[in-house]
Amino acid sequence: IGVLALLITLVRELPGIVAAGVQLTIVLVFVRYACATLLHTAQGHIEPPVVDYDMVTQRLGMAFRQMAVVLVMLIGLMLVFDTLGAVAGIAASLFVMLALPAAFILLVMEDSVPVAVNPFRQGVLIARIGWPYLLLYFFLVVLSGGSAVVTNMLVDVLPGAALVFLSAFSSMYFTLIMFTLMGYVVYQYHEALGFAVEQEHEDDEPDSLPPDPAATRSHVLVCEGRVKEALDVLSARLRDGGDDDALRDRFHRLLVLAGDRPRLAAHAQRHIPRLVAEQKVGKALAVYRDCLQVDPDFALEDPGAVLPLARAAKNSGAFDLVLALTRGFRNRHPKHADVPEVYFLAAQVLSEGYRDDARARDLLHNLIRHYPNHQQIEGMRNYRQMLERVQTAPGKDAATATDQQPRRQAGGRVHKG
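Residues numbered from 1 in each chain as written. Predicted model: local features only at pLDDT ≥ 70, side-chain atom pairs only at ≥ 80, totals over all residues. Heavy atoms only, no water.

Outline the overall build of the protein, supporting the account with residue identities and numerical values.
Assigned secondary structure in the protein consists of 24 helices and zero strands. Counting across all 417 residues of the protein, residues that qualify as buried make up 45%. Once local pairs closer than 6 in sequence are excluded, the contacts in the protein between residues at least 24 apart make up 64%. (Helix = DSSP H or I, 4+ residues; strand = E, 2+ residues; numbered from the N terminus. Buried < 20%, exposed > 50% of the residue type's maximum accessible area, 1.4 Å probe, protein only. Contact = heavy atoms within 4.5 Å.)

Quick rundown of the layout of surface pockets? Include the residues and the values.
Here the second largest pocket is characterised by a volume of approximately 410 Å³. Residue lining of the second largest pocket: 19 residues in total, with Leu-100, Phe-104, Ser-144, Met-178 and Phe-179 positioned closest to the centre. Among the secondary structure elements, those contributing two or more residues to the lining of the second largest pocket are helix H2 (16-42), helix H4 (61-84), helix H5 (86-110), helix H8 (132-144) and helix H10 (160-188). Sort the elements by how many residues they give to the lining of the second largest pocket and H10 lands first, with six residues. Its residues assigned to classes, the lining of the second largest pocket shows 15 nonpolar, four polar and no charged. (1 Å grid on protein atoms, 1.4 Å probe; cavity = no way out; pocket = protein on both sides within 12 Å on 5 of 7 lines; lining within 4 Å. Points joined across faces, edges and corners; volume = space filled by probe spheres on them. Nonpolar A, V, L, I, M, F, W, Y, C, P; charged D, E, K, R; others polar.)

Residues and numbers for the packing of helix H14 (residues 245-258) against helix H16 (residues 281-294), please.
At a minimum axis separation of 10 Å, H14 and H16 run at an interaxial angle of 25 degrees. As judged from the angle between their axes, H14 and H16 are roughly parallel. Two packed elements cross with a definite hand, and for H14 against H16 that hand is left-handed. Here Asp-249, His-252 and Val-256 of H14 come into contact with H16, specifically with Lys-283, Val-287, Asp-290 and Val-294. (Axes fitted to C-alpha atoms, helices over the stretch in contact; angles between N-to-C directions. Parallel < 35°, antiparallel > 145°, perpendicular 65-115°, else oblique. Left-handed = near helix turned anticlockwise from the far one by under 90°.)

Go over helix H18 (residues 319-326), please, and point to the residues and values.
Counting buried residues along H18, six of its eight residues qualify, which places the element largely inside the surrounding structure. Inspection of H18 places Phe-319, Leu-321, Val-322, Ala-324, Leu-325 and Thr-326 among the buried residues, and these make up the whole buried set. Just beyond H18, the residue with positive phi is Gly-328, at close to 70 degrees.

Tell me about the nonpolar core, and please be specific about residues and values.
Leu-125, Ile-272, Phe-298 and Leu-309 are the most contacted members of the largest nonpolar core, which has 114 residues in total. A total of eleven residues in this core trace back to one element, the largest contributor, which is H5. The contact partners of Leu-309, leaving out residues within four places of it in the chain, are Ile-272, Val-276, Val-281, Ala-284, Leu-285, Leu-300 and Leu-325. (Core = buried A, V, L, I, M, F, W, Y, C linked by side-chain atoms within 4.5 Å.)

Laid out in C-alpha cells, this is it:
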C-alpha cells in the first residue's frame, strides 16, 4: 500500500492522460490484491497473501470484473428509475446498497459477473449468512468513511503532496480491511455458503478420518469458481456409493448456491426423508425451506415425511412451511393414513397463524365428514366448536384477542391427543 500510494503521489505531476493511465493501473493492481486477500481469508488463512510479481500482475481481469459489477448494478438501477418510477427506484437503490458486499463476495467466489449481479444469488447469499450480514454491512459502512476522517483531520496540517499520499494510503488501507472482513465472514459461514476452505480450525482433531477424495476435489473446484464441475464430481460420488452426511449436505448447499432447480429437487426428494428417518427433522426442515426458495412449487413426494415436518414447522412457528407442506397432499396421496392429521394441522395453522377462521372451519368440516372414525375426530370437533364459539361471541374483535391464548392451548391438547 505504501509503494502504491507513493506512486500515486509521484505521477500526479505528469500530463493528465498519462497520470490518469498510471493511476488506473495502480487501482487495478490494488483491487486485484484486495480480491486475492478476500479469497485468501475466506479459505481460512489468517496471514495476508504474499505480495509478489505474479500476485499483482496476473488475473487483472478480476479488477475489471469488479468495476463491471458496480457499473452493471448502477445501470440496472437507472433502468428501474426510468421504467418503474421513483418509488421502485428508491426500493431498488436500498437493495443495491445492501447487496453490494454480497456481489463482491460472489464475484470472488465464482469469478463471474452475471452471477455477482444476479439479485437472486445475492439474496440467497445474504439469507444463508443471516443477520450477521447486517452487522458486516454496518462495519463496512463505518470503515468506508475511515479515509475521509483521517484526511479531514490533517488537511490543514500537511502539505499537498503529503496529503495526497496520506489520502491514497488510508483509502487503500481501509479498503483492504473491508475486503479482509468480507473474506472472514465467508470463512465463518463457508459451510452454509457451500464454499471450500483450505485451513480448518487448529483444534480440529488430528486423528479424524481423512476427507473423501470427491469432497476434496469439489473444494478445489469451488475455490476456482467452477461450481458446476464441483456438483458433477459430488453427484458421481453419491451415485457410486458415497453416502455419508457430509457429502449429502455439501451437495445440497452447492445446489442451492448454483440455483440448480432440477438437481436440487431430485436430491431433496431423497435427502429429506433420510434426515426425517434419522430424526434430524430440524435439519430436514431447513433443507425443505432451501428448496422452496429456489422453487416455490417444490412438493415433497414421500408422504411419510410430510407430517413430522409439518409438526416441527408448526412447533417452531414456521406457519408458511406448514401450509406449503400440506398444500395438495390429499391430491398426491388420497389414501394415505396421514391425510386427516396433515389437514388438521393446516386448519390449526390457518386459525392460529393467519386468523383465517372461516377457512379453518371449512377444512375441519370436511375432515369430520370424510373421516368420522379417525382417532382424532373428537379433537377436530372440539376445535371446530371452539372456532364457532369465537365466531358467534358478542364483540367478536375483543373475543378474538381474548381467546387467542385458549385457542393455542386447545390446539396443543388436540395435537397431544
